[in-house]
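Working through the structure, step by step
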Amino acid sequence: MKEIALEIPICIIAAALIMVIHELTKSVVYLCVRKIQGQEASHNNSILAMWRYIDPLGLLLSVTCFVPFSKPHLFRIRDKKTNMVLGVTGFTVLLLLFILSVAVIKTGRLSSYPVAVFWQYMSILSFDMFIANMFPVSTFDMGLVIAGLSARHYLQVIKADSAIKLIFILALMFDIIHYGCIRLLRLIL
């Protein structure tokens, strides 16, 4: 019971950190792309309001299903290149977080139980979030990649958004995402 009482806050902290890093990086990249294009970026001051990236439902799912998702900073993106860059950035950040956490775990230099549990949750949650973002939900990273490839296909994603979200919820309910990720992590570790 003591371990569960300790692990729940650690899981929440790890999930919140992943959400903030994921969305903050995409926001910074968005501002950089807009600056390179010579356009003024809207909402540049509010990207540092990091609590806006933390989704309460995503935190709940991180504790119950180990599959978090963050609250995206909504930008009006009109060009395909920016959509593609942001989608790829989101996937890259999650993959790098996963690789970093696995590297920390493999070094074996974890000083205490809470630190070891934190890095385990970082690896599990970042990889599960990476897989969850592969669902073509309009606001997930795959939705941004699709918008970067074709406006017509993105419109189809938006039209099918309810059905895609239903499939996503069923995958969460039946623990498909987390189960597959755990099996892969066992192979890696």
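As a reminder, the structure under discussion sits directly above these lines.
Residues numbered from 1 in each chain as written. Predicted model: local features only at pLDDT ≥ 70, side-chain atom pairs only at ≥ 80, totals over all residues. Heavy atoms only, no water.

A few words on the overall build of the protein. A count of helices and strands for the protein gives eight helices and zero strands. Moving toward the C terminus, one meets the helices and strands of the protein in the order α-α-α-α-α-α-α-α. In terms of overall size, the protein behaves like a compact globule, its C-alpha atoms giving a radius of gyration of 17 Å where 189 residues would be expected to give roughly 16 Å. Reported as C-alpha extents along the three principal axes, the dimensions of the protein are approximately 50 × 35 × 30 Å. Of all 189 residues assigned to the protein, the portion counted as buried reaches 47%. Just so you have it, the protein exposes about 10600 Å², and 69% of that area is on carbon and sulfur atoms. Across the protein, the 17 positively charged side chains and the 10 negatively charged ones have centroids separated by 7 Å. (Helix = DSSP H or I, 4+ residues; strand = E, 2+ residues; numbered from the N terminus. Rg over C-alpha atoms; globule rule 2.2 N^0.38 Å. Buried < 20%, exposed > 50% of the residue type's maximum accessible area, 1.4 Å probe, protein only. Areas by Shrake-Rupley, 256 points an atom, 1.4 Å probe, with all protein chains shown as cover. Lys, Arg positive; Asp, Glu negative; His and termini not counted. Charge placed at Lys NZ, Arg CZ, Asp CG, Glu CD.)

Look at helix H1 (residues 2-36) against helix H3 (residues 80-107): their axes get within 9 Å of each other, and the N-to-C directions meet at 145°. As H1 packs across H3, the resulting crossing turns out to be right-handed. Contacts between H1 and H3 involve Ile18, Ile21, His22, Thr25, Lys26, Val29, Tyr30 and Val33 on the former and, on the latter, Thr82, Val85, Leu86, Thr89, Gly90, Val93, Leu94 and Leu97. Residues that form the contact of H1 with H3 fall into these classes: ten nonpolar, five polar and one charged. (Axes fitted to C-alpha atoms, helices over the stretch in contact; angles between N-to-C directions. Left-handed = near helix turned anticlockwise from the far one by under 90°. Contact = heavy atoms within 4.5 Å. Nonpolar A, V, L, I, M, F, W, Y, C, P; charged D, E, K, R; others polar.)

Right, let's get into a nonpolar patch on the surface. On the surface, a cluster of nonpolar side chains totalling about 640 Å² of accessible area is made up of Leu166, Ile169, Leu170, Met173, Phe174 and Ile176. The biggest single contributor to the nonpolar patch is helix H7 (residues 161-173), with four residues. Positionally, Leu170 belongs in helix H7. Since its relative accessible area comes to 36%, Leu170 is described here as partly exposed. (Patch = residues over 30% accessible without salt bridge, like charges linked within 9 Å, V, L, I, M, F, W, Y side chains within 5 Å. Salt bridge = Lys/Arg side-chain N within 4 Å of Asp/Glu carboxyl O.)

Here we come to the packing of H1 against helix H4 (residues 113-132). Two numbers describe a pair of packed helices, the interaxial angle and the distance between the axes. The geometry of H1 relative to H4 is characterised by a closest axis approach of 8 Å and an angle of 50° between their N-to-C directions. The angle between H1 and H4 falls in the class oblique. Seen from above, H1 lies across H4 with right-handed handedness. Here Glu3, Leu6, Glu7, Ile10, Cys11, Ile13, Ala14, Ala15, Leu17, Ile18 and His22 of H1 come into contact with H4, specifically with Tyr113, Pro114, Val117, Phe118, Tyr121, Met122, Leu125, Ser126 and Met129. Its residues placed into classes, the contact of H1 with H4 shows 16 nonpolar, two polar and two charged. (Parallel < 35°, antiparallel > 145°, perpendicular 65-115°, else oblique.)

This paragraph deals with empty space enclosed by the protein. Inspection of the entire model under this criterion finds one cavity of 30 Å³ or more. Here the lining of the largest cavity gets three residues from one element, more than from any other, and that element is H1. Grouping the constituent residues of the lining of the largest cavity by class yields four nonpolar, four polar and three charged. (1 Å grid on protein atoms, 1.4 Å probe; cavity = no way out; pocket = protein on both sides within 12 Å on 5 of 7 lines; lining within 4 Å. Points joined across faces, edges and corners; volume = space filled by probe spheres on them.)

Evaluated as defined, the whole model comprises nine aromatic pairs. Measuring from centroid to centroid gives 6.0 Å for Phe66 and Tyr121, while their planes differ by 20°, and the two rings are stacked. Of this pair, Phe66 sits in the loop between helix H2 (56-64) and H3 while Tyr121 sits in helix H4, and the two are 55 residues apart along the sequence. Ring-pair connections join several aromatic residues into one group, and the members of that group are Phe69, Phe135, Phe140 and Phe168. (Phe/Tyr/Trp six-rings, centres within 6.5 Å; stacked < 30°, edge-to-face > 60°.)

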